[in-house]
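# A structural walkthrough
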Amino acid sequence: MEHRIRFLPSGRERSCEDGASLLETAREAGLPVASACGADRLCGRCGLEIVEGGDGLAPESERERQLKERNRIDPRLRLACFVLVNHDLVVTAPYWGTTEEVP
Ligand code: FES
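Now for a quick tour of the structure.

What counts, and where the lines are drawn
Residues numbered from 1 in each chain as written. Predicted model: local features only at pLDDT ≥ 70, side-chain atom pairs only at ≥ 80, totals over all residues. Helix = DSSP H or I, 4+ residues; strand = E, 2+ residues; numbered from the N terminus. Rg over C-alpha atoms; globule rule 2.2 N^0.38 Å. Buried ≥ 20, exposed ≤ 12 C-beta atoms within 10 Å, placed from the backbone. Contact = placed C-beta atoms within 7 Å. Pairing = 2+ DSSP bridges. Core = buried A, V, L, I, M, F, W, Y, C linked by C-beta atoms within 7 Å.

### Looking at the overall build of the chain
Each helix and strand in the chain was counted, giving 2 helices and 5 strands. The linear arrangement of helices and strands in the chain, starting from the amino end, is β-β-α-β-α-β-β. Against the globule reference of 13 Å for 103 residues, the chain gives a C-alpha radius of gyration of 13 Å, in line with a compact fold. Taken over the C-alpha atoms alone, the chain extends approximately 35 × 30 × 20 Å along its principal axes. For the chain, with 103 residues in total, the buried portion stands at 25%. When contacts within the chain are restricted to residue pairs at least 6 apart in sequence, those whose partners lie at least 24 apart make up 66%.

### Here we look at the sheet that holds strand β1 (residues 2–8)
The 5 strands are arranged β2-β1-β5-β3-β4 in an open sheet whose pairing can be described as mixed. Looking along the sheet, the strands with just one partner apiece sit at the ends: β2 (12–17) and β4 (78–79).

### Focus on the nonpolar core
Counting 21 residues, the largest nonpolar core has Leu22, Leu23, Ala26, Cys46 and Ala80 as the members making the most contacts within it. Of all the elements in the fold, those that place two or more residues in this core are β1, α1 (22–28) and β5 (89–92). Counting residues per element, this core draws most heavily on α1, which supplies 3 residues. Discounting residues that sit within four places of it in the chain, alanine 26 has contacts with Phe7, Leu31, Val33 and Ala80.

### As for the pairing of β5
Regular strands show a simple pattern: their side chains alternate between the two faces of the sheet. Side chains Leu89 and Val91 of β5 all project onto a buried face; the interleaved residues Val90 and Thr92 project onto a face where none is buried. Looking at chain direction, strand β3 (residues 47–52) and β5 are connected through 3 bridges and run antiparallel. Each residue of the ladder has a partner; that of glutamate 52, found in β5, is valine 90.

Next comes the structure, spelled out in structure tokens:
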């Protein structure tokens with residue numbers, strides 16, 4: 001089963017398989033995601049805002065919560081390398097612009 005992710009503010013969209021990493025899906029869409037650990041779930045830098053669909057995601061794990069707290073990440077953000085996509089989402093990051101070229 002495929003899910004559709006829409007990335008704001010550009011409106012770019014990307015489909016992914018059920019259980020795909022949100023971080024990898026954003027990168028496949030050509031969008032940068034901050035990371036200092038290579039998605040090893042160590043750095044806490046990959047926070048993204050789930051604009052729509054966040055309620056249907058698996059709740060954050062204790063590990064994700066601790067990483068966010070330790071790195072002073074806005075509690076509203078989810079760490080993209082922890083999020084496995086299980087339905088359609090709308091997502092944004094403060095450093096994504098409106099004019100990215102669609103690859
Ligand atoms: S990329 Fe480092 S914690 Fe997600």
